[in-house]
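Structural features, examined
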Amino acid sequence: MPRIGVFICHCGHNIASTVGIEKVVEYAKSLPGVVYADHNIYSCSEEGLSSIRRSIEENKLDRVVVAACTPRTHEPLFRRTCELAGINKYLFEFVNIREHCSWIHTKEPDMATEKAKRLIAMGVAKAGLLEPQTESEAEVVPTAVVIGGGAAGLAVASSLAAQDIETHLIEKSSRLGGMLNDISVIGPELEETKPLLDAMLRVLKTSPKVHVHTDTRLTAAKGFVGNFELTIDEKGESRNIKAGSIVVAAGAKELVPTGEYGYGSIPGVITQLDLERMLAKGEVPKRSVFILCVGSRQPGREYCSRVCCNVSLKNAMRIAEARPDSTVTILHRDIMSYGTASEKLYRDVSEKGVQFLRYSLGNPAKVRSLDNGIMVEVNDETLGEDIGLQTDVLVLATPMVSMEDATEIAKLLKVPLDKHGFFLEAHVKLRPVEFATDGVFICGSARWPASVRESISQGLAAAAKAAIPIKKGKVVIEAITAWSDPDKCAACGNCVAACPYEAIEIVDSDKGRTAKVNEAQCKGCGTCVAACPNDAMQQKGFTTRQLGAMIDALVKNALEESP
Amino acid sequence: MPERVVVIGGGIAGIQASLDLADMGYEVHLVERTPSIGGRMAQLDKTFPTNDCSMCILSPKMIMCAGHDNVRLHTYSEIKGVSGRFPNFKVKIKEKARYVNIGRCTGCGDCIAKCPVKVPSEFEEGLANRKAIYLPFPQAVPRKVTIDADHCRMITQGKCGVCKKVCQAGAIDYEQKDNTVEVLAKAVIVATGFDLMDARRLPQFGLGTCKDVVTSLQLERVLSASGPTGGHLVRPSDGTEPKRLAFVQCVGSRDTKAYRYCSSVCCMYATKESILLREHVPDVDTTIFYMDMRATGKGFQEFVHRAEKSHGVRYVRARPAYVQPAHGDKGVLVTYETGGLAGEQVTEEFDMLVLCPALIPSQGLKHLAKTLRIELDEEEFVKTPSMFRPIDSTRKGILVCGFAGEPMDIPDSVSQASGIAARVAELIAEGG
């Protein structure tokens, strides 16, 4: 017979002002298997935790139920308390009587009290059937793989190299640097690109830990955090790399306009990258007009690509500085010079005499070829007037779009893309450089258009995340995983198809063909358990027997109450 | 001996930097000026562009941070001095007297209930009171009370002592003194975040003179279910539900007479608050007065589009000239110029006006910069001169992340904060 202890939390007033705590404690004492029940103002406070620990020891408890808030924030704390008192932490059961009860029933305290009782009865029924579990550990391959050799990828690789971590950098082209090769000056402070690129390449060259693979693509990937196995195609030759963590820094590219504003038909209509190449060669146009948001912030491609305004401001400044007789007019819808340095560039550019003219989405400029240049006709939204501008070059600021191979990389690594084809991070707010898949990270413009500075900064973040499992040397494998009973398994393969993590395979065993779960890859989501028609697939900590006992407790409780 | 790092500032940037440094094996000393970690993010109701509940996603990080084996929290503490240089900084941390033994305090709140002194709550942006003995907010970490010595009757006048009488844990200690600890650290991280500019400096916007003019951070608190009005939208003058609201962007920012830079996040949070207002009061009309709508992040432009199309938010490109009370002390009149050559001066009435003030480097950053001997840039954020080392200050071993370096949103702050661990590891591997 298990010896179950139940601890009911007031959560200050959060639970206690709605749920009748004392009644619930008395009820808990009456439940089968319960040898001790108590309450705390805050079970999670140091005082609360030490009283739980003391009670476990004094009453020789072997199962613990805490009825309080949410496992999401507090389960680790209570599990640890159990461990400190000498019980396996998987013999702990959490019952949520705050989010699931007091907070949503503040106006019905009596009903809330009854509901809390039922929830606890269910938790106690399950607790009696809990089994101790052991977490396993896997060694981590002390190597990282970085996909993409642009600003972000170089930042990751040079950081990992500086941290003395074996790193493979995979670049699909024959040259490192990505878009940095097309940009000779970086905004907003107009710094030369070459010293930056040289500095990053120097770190890679001088570090014996970095292996650069140019003309190389990822062709296959399997495994899990700490133990990935990647296959790459390097200049036509296939080879395998084992890695503990992977960083995706595959970049993005400039959208090439499809005929808008005479691109491709009128000479002198170019993109910002074309202008970058011209300026790098010292070709500075006398008259320029820029049009911003070409192909972005419009139906079909709704997003703002973040970097194009600042790139345009930078190039306007370069022209104005290089050629005092030049004129630059920027046609825009909003100027996105966020922050301190970019806003300063916007001010400085205006002071240099660069003209800004606002157009509206519904009324784009009309462009035609002249004998001595290009005529741009646009309605100035501020003045409400049509204006004609003669220019030598018309520069179209188009958005960054995702790389053509993003879909392939995403498929191989089993990580998601957003609707625009950029990689989708685990949480847009708090996990910006992580994927939901452990051990795989994302940075730079492959995630979202980013400035060089932002790409480097994100590269450092990804380098930290990629280094952590390698420095720890071990990854803990969650014990709440699925397992298949070979006596019941018909090897139908439903579970294999249902598993979102490719953690299950059908193997030959001494009991015939059967499903086998790779515990390191299993996330314990339970999808396979639901898909199994033979009750062969079970999840530790959530077995059919345990869940059945919870339902029985609920039904019994309800029947006893009904008149 | 463990390799130690001192992180200054317990907001989301400092918390994330601490977590990653701690995961990498460093012993982190996280120093926070106020009684709890959490920072500005703790005050927010929801976060853009997903409208995730701010506290719900932050609170687990706060708990993980405080509970991490490698993190030592120094809350209600300040940096008193820093000597030495990389990789041997000697950091003096002053742990201010809380007048509460935090080993004993259980955070039960009995003392708070009985304390007779009311003080405007910093966390509630002055919209509600706290007591002289207080938890700054219900989810505070650590969950330990603090006595505000400036307002406590026992400490200022020598009479009262109620909290000590009711405390069953015996945690109250009126004789407690400040405590200074010294930490030998390899690196020091500045993550001091931002404050709001005092918008009363710009009297044309009516803060302090019109009752129904509030700041955006005050509105966050009003919208919050755990805030001073329980999440019910009411205007300050008469407690009624406003039906017409307006936001003014760039109050004191992008303004050569106040702060020249762009605060980076106001366009988006005003859009978020506008959507939330609709959820609270379905028939509320919302107007946003703006200069440029800067929606540059992932999903931001779509968010603005949604506000406009699905929630009827009216975006007006104008910078209001001045604001006056409408009827006695109720409501506001906003005068602005419409666009174009044919533009004219218009005065429009609103029930309530929300100002989005410039977000400025946290008070005390100037002093801290002197203590750390690092340079600030011309806008008084921490100077980060190298493109290749975007989170390095002007002094080796002193790094910066989040808003202390430049205005940025939460994901950019979190990203920079994670980068800190990599940069510290690099520095130490190179010769620390």
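Residues numbered from 1 in each chain as written. Chains lettered and ligands numbered in written order. Predicted model: local features only at pLDDT ≥ 70, side-chain atom pairs only at ≥ 80, totals over all residues.

With that settled, consider the pairing of strand S22 (residues 385-391) of chain A. Residue and element names in this part refer to chain A. Looking at chain direction, strand S21 (residues 373-380) and S22 are connected through seven bridges and run antiparallel. Residue pairing for S22: Asp 380 is matched across the bridge by Glu 385. Where S21 folds back on S22, the antiparallel hairpin that results is connected by four residues, among which Gly 384 adopts a positive phi of roughly 70°. (Pairing = 2+ DSSP bridges. Helix = DSSP H or I, 4+ residues; strand = E, 2+ residues; numbered from the N terminus.)

Between chain A and chain B, the contact holds 53 residues from the first and 64 residues from the second. Contributing elements (two or more residues each) for the side of chain A that touches chain B: helix H3 (71-84), helix H6 (151-162), helix H7 (193-206), helix H10 (341-351) and helix H12 (452-472) of chain A. Of all the elements, H12 of chain A adds the most residues to the side of chain A that touches chain B, at 13 residues. Taken together, the residues of the side of chain A that touches chain B sort by class into 27 nonpolar, twelve polar and 14 charged. (Contact = placed C-beta atoms within 7 Å. Nonpolar A, V, L, I, M, F, W, Y, C, P; charged D, E, K, R; others polar.)

Moving on to unusual backbone geometry. That bond from Gly 187 of chain A to Pro 188 of chain A is cis: its omega, -5°, falls within 30 degrees of zero. Mapped onto the secondary structure, Pro 188 of chain A falls in the loop between strand S8 (185-186) and strand S9 (191-192). In this model, Phe 86 of chain B is joined to Pro 87 of chain B through a cis peptide bond whose omega is -5°. The residue Pro 87 of chain B is located in the loop between strand S6 (77-85) and strand S7 (88-95) in this model. In this structure, Cys 160 of chain B is a non-glycine residue whose phi angle is positive, near 135°. Although it is not a glycine, Arg 254 of chain B sits at a positive phi angle of roughly 50°. In this structure, Arg 254 of chain B sits in the loop between strand S16 (244-251) and helix H7 (266-280).

So, on to helix H5 (residues 109-127) of chain A. With 19 residues, H5 of chain A extends 26 Å from end C-alpha to end C-alpha; this agrees with the ideal 27 Å at 1.5 Å per step. The buried fraction of H5 of chain A is high, at 14 of 19 residues. (Expected span 1.5 Å × (residues − 1). Buried ≥ 20, exposed ≤ 12 C-beta atoms within 10 Å, placed from the backbone.)

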